[in-house]
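Structural features, examined
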Amino acid sequence: MAIKTVGVAGSGTMGAGIAIVAARAGFDTIVFDTRRDALERARKQSEGFLAKSVERKKLTQDEVDAILSALKSTTTISDLSACDIVIEAVFEDLKVKHAVCAELDKVCPPHTIFASNTSTLSITEIAAGSGRDERFVGMHFCLPAQLMKLVEMSPGLRTSDEVFRTAWDFCKALGQIPVKTKDNPGFILNYFLVPFNNDAIRLVEAGVAAPADIDLAIKNGLGYPMGPLELLDLVGLDTHLLVAEALYASTHEPRAAVPALVKRMIAAGHLGRKTGQGFYTYRGNAMFGA
Amino acid sequence: MLYQVIDTGNSRSFPAAHALLEKAEAVGDAVIIIGEKVGQALQTLASREHKTAVLIELGAESLALHTGESRGNEGSNVLGFARFRLGESDPTALVEVVRQPRSTDAAVAAAKEIFEGAGLRVAVCGDFEGRIVDRLVRPYFNAALKRLDESLATADDLDTTLRLGLGYPEGPISLLERTGLEHHYDVTLALFEAYGDPAYAPARRARVAKLRANKA
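Structure report, in brief. (Residues numbered from 1 in each chain as written. Chains lettered and ligands numbered in written order. Predicted model: local features only at pLDDT ≥ 70, side-chain atom pairs only at ≥ 80, totals over all residues.)

**Describing the overall build of chain A**
Of regular secondary structure, chain A possesses eleven helices and ten strands. Relative to a compact globule of 290 residues, whose C-alpha radius of gyration would be 19 Å, chain A shows 20 Å and is just as compact. Counting only C-alpha atoms and orienting by the principal axes, one finds that chain A spans roughly 55 × 45 × 35 Å. Buried positions account for 48% of the 290 residues belonging to chain A. The contacts in chain A between residues at least 6 apart in sequence include a share of 65% that link residues at least 24 apart. (Helix = DSSP H or I, 4+ residues; strand = E, 2+ residues; numbered from the N terminus. Rg over C-alpha atoms; globule rule 2.2 N^0.38 Å. Buried ≥ 20, exposed ≤ 12 C-beta atoms within 10 Å, placed from the backbone. Contact = placed C-beta atoms within 7 Å.)

Laid out in structure tokens, this is it:
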């Protein structure tokens, strides 16, 4: 089965990034969202990103013009009826995803493959509410999708081999690098990253070392590009809480449980960079405490 | 700051020539003791209380094994340190400096000045087994080995995902194979005994590697 037209449901940060990837790879791409303002914001962000790609000589202006003309948006879900694959990137909530997939199932032809960009929910569970669980795959892009090559691909328990193979080939045609993982909570990245970050928070809680010393040790001892606590400040403690709670709810593994310090920091408004205070203090572009 | 180095042999932190050793003097305001017998050297060190800092190399043990503890008020001019290295790989630029609750600020400042003056990077931590890096990275390594057993993904896909997704220089499976799974066993066993936390219990693959190494 040849994929020509790609649908993206949800025009948040992930959806907008995935749409850029698809259009940049030459696919006709339609982004659906019920919120017109979200679609407009995504369009502006995409134009801004592509303009920078021209400045950095990654793309020519002609190529950008072609990408933007291939990139359509709509607030009408039935406009996705021409899609060979639809990637959903809506809110991380099983009921929300079921509702969107059920609507998509009504408007898309039987051959359309559904893919989910979920980072924490079970592919099999989302697929179960999609009306086409044999034509459903996990395709977890990394943030920011338009820059990161990796895609975690997971078959659900009822996904057909042919559908998974088609989605895998499509992923490669996007210019991405797929890795296959079982349909496990957190797949690979979040399964390892969330507990690691929780462990770093617990070291701060236990007074083993200051955040700056922990980050310095991890970067210099292991060569990681960022320390866990500066990464948490970047991601936001509120976002970390959501992801960690979802992972813990699925695994009940002690290391996935959110340390008490996280909730205290959130209550105090210490969410990280976005509030100017997290494990470090931020003023403008300057970071204090490192 | 002038410092003296006492080498008791077989240092894991400084197994080869290094600027830190080359800059040492016959006597100094600080003393660095490296090698396997730092405990004995510390006990026989004359006038150690008059030094700004006495820095002793640690293995897996805590600093308190050499200095003692008392009601949370322990601490002096004696600090511990170790250069981080995985198994038999070369030591990294990271030096974990270990302090106790009442360690002197002057000793900590001296340790930073001396190590950073030799091109190393210093992270200061409390006196807990595993310090910072081993304490954080060993449960992650264990989880990777366990998930490999459970076929979450192939070893290559696990490594690729963590390299490309998080920017790690090397995936966990490849890193452990390169630096010695049996060494990972030794470190995790020590941490498991210290904390009783199942996250540190040696992974099956590490135990097999250790048994095979012992058999050879």
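**With respect to the overall build of chain B**
On a plain count of helices and strands, chain B comes out with nine helices and six strands. In summary, chain B has a C-alpha radius of gyration of 19 Å against a globular reference of 17 Å for 216 residues, a match within 12%. Taking the principal axes of its C-alpha atoms as reference, chain B extends roughly 60 × 35 × 35 Å. Counting over 216 residues, chain B shows a buried share of 44%. When contacts within chain B are restricted to residue pairs at least 6 apart in sequence, long-range pairs at least 24 apart make up 62% of them.

**Let's talk about the sheet that holds strand 7 (residues 150-155) of chain A**
Residues and elements named next belong to chain A. If you walk across this open sheet you meet the eight strands as 3-2-1-4-5-6-7-8, and the pairing is mixed. Edge strands, defined here as strands with exactly one partner in the open sheet, are strand 3 (71-74) and strand 8 (177-180). If you compare each strand with its neighbour and ignore which way they point, the axes differ by 25° on average. Of the pairings in the sheet, the one linking strand 2 (residues 28-32) to strand 3 comprises four bridges and is parallel in character. Bridging from a neighbouring strand, Val31 pairs with Ser73 of strand 3. (Pairing = 2+ DSSP bridges. Axes fitted to C-alpha atoms, helices over the stretch in contact; angles between N-to-C directions.)

**Points about the sheet that holds strand 2 (residues 30-34) of chain B**
All names here are of chain B. Within the open sheet, the six strands sit side by side as 1-2-3-4-5-6. Their pairing is mixed. If you trace the sheet from one side to the other, it starts and ends with strand 1 (3-7) and strand 6 (121-125), each paired once. Neighbour-to-neighbour, the strand axes of the sheet open up by a mean angle of 25°, direction not taken into account. Pairing between strand 2 and strand 3 (residues 53-57): four bridges, direction parallel. Of the residues in strand 3, the one forming a bridge with Ile32 is Leu55.

**A look at the interface of chain A and chain B**
In many reports, interface size means the accessible area that the parts give up when they come together. Each partner contributes residues to the interface: chain A has 33 residues there, and chain B has 35 residues. A total of eight residues in the side of chain A that touches chain B trace back to one element, the largest contributor, which is helix 8 (residues 211-222) of chain A. The residue inventory of the side of chain A that touches chain B, partitioned by class, reads 20 nonpolar, six polar and seven charged. (Nonpolar A, V, L, I, M, F, W, Y, C, P; charged D, E, K, R; others polar.)

**Details of helix 6 (residues 155-166) of chain B**
Residues and elements named next belong to chain B. Along its twelve residues, helix 6 runs 16 Å from first to last C-alpha, staying within 8% of the 16 Å computed at 1.5 Å per residue. Residues of helix 6 that are buried: Asp157, Leu158, Asp159, Thr161, Leu162 and Gly165. Looking at the residues trailing helix 6, positive phi occurs at Gly167, about 75°. (Expected span 1.5 Å × (residues − 1).)

**Some words on the packing of helix 7 (residues 189-205) of chain A against helix 9 (residues 228-235) of chain A**
Residue and element names in this part refer to chain A. The interhelical angle for the contact between helix 7 and helix 9, taken along N-to-C directions, is 110°, at an axis separation of 9 Å. Put simply, helix 7 runs roughly perpendicular to helix 9. For the pair helix 7 and helix 9, the sense of crossing is left-handed. Together, Phe196, Asn197 and Ala200 of helix 7 and Pro228, Leu229, Leu231 and Leu232 of helix 9 make up the contact between the two elements. Of the residues belonging to the contact of helix 7 with helix 9, the class tally is six nonpolar, one polar and no charged. (Parallel < 35°, antiparallel > 145°, perpendicular 65-115°, else oblique. Left-handed = near helix turned anticlockwise from the far one by under 90°.)

**With respect to the packing of helix 6 of chain B against helix 7 (residues 172-179) of chain B**
Residue and element names in this part refer to chain B. In the contact formed by helix 6 and helix 7, the axes pass within 7 Å of each other and the chain directions differ by 110°. The angle between the axes of helix 6 and helix 7 places the two elements in the roughly perpendicular class. In contact with Ala155, Leu158, Asp159 and Leu162 of helix 6, helix 7 contributes Pro172, Ile173 and Ser174. Split into classes, the residues belonging to the contact of helix 6 with helix 7 amount to five nonpolar, one polar and one charged.

**Structural notes on the environment of Val107(A)**
All names here are of chain A. Looking at where Val107 falls in the secondary structure, it is placed in helix 4 (residues 94-107). With 18 C-beta atoms counted inside 10 Å, the residue Val107 sits in the partly exposed group. With near-sequence residues (within four places) excluded, Val107 lies in contact with Ile77, Ser78, Leu80 and Ser81.

**Thoughts on the nonpolar core**
Counting residues in each nonpolar core, the largest one holds 143 residues, and the members touching the most others are Val8(A), Ile18(A), Val137(A), Ala167(A), Ala111(B) and Ile132(B). Among the elements that make up this core, the one with the highest residue count is helix 7 of chain A (nine residues). Ignoring any residue separated from it by four or fewer positions in sequence, one finds Ile18(A) in contact with Val8(A), Ile87(A), Ala89(A), Asn117(A), Phe141(A) and Ala145(A). (Core = buried A, V, L, I, M, F, W, Y, C linked by C-beta atoms within 7 Å.)

**Comments concerning the pairing of strand 4 (residues 85-88) of chain A**
All names here are of chain A. Of the two faces of strand 4, the one carrying Ile85 and Ile87 and the one carrying Val86 and Glu88 are both buried. Alignment of strand 1 (residues 5-9) against strand 4, held across four bridges, turns out to be parallel. Paired with Val6 across the bridge in strand 4 is Ile85. One ladder, built from four bridges, connects strand 4 with strand 5 (residues 113-116); its direction is parallel. Pairing of Ile87 across the sheet is with Ala115, part of strand 5. A crossover connection joins strand 4 to the parallel strand 5 through helix 4; in handedness this β-α-β unit is right-handed. (Right-handed = clockwise from strand over helix to strand, strands pointing away.)

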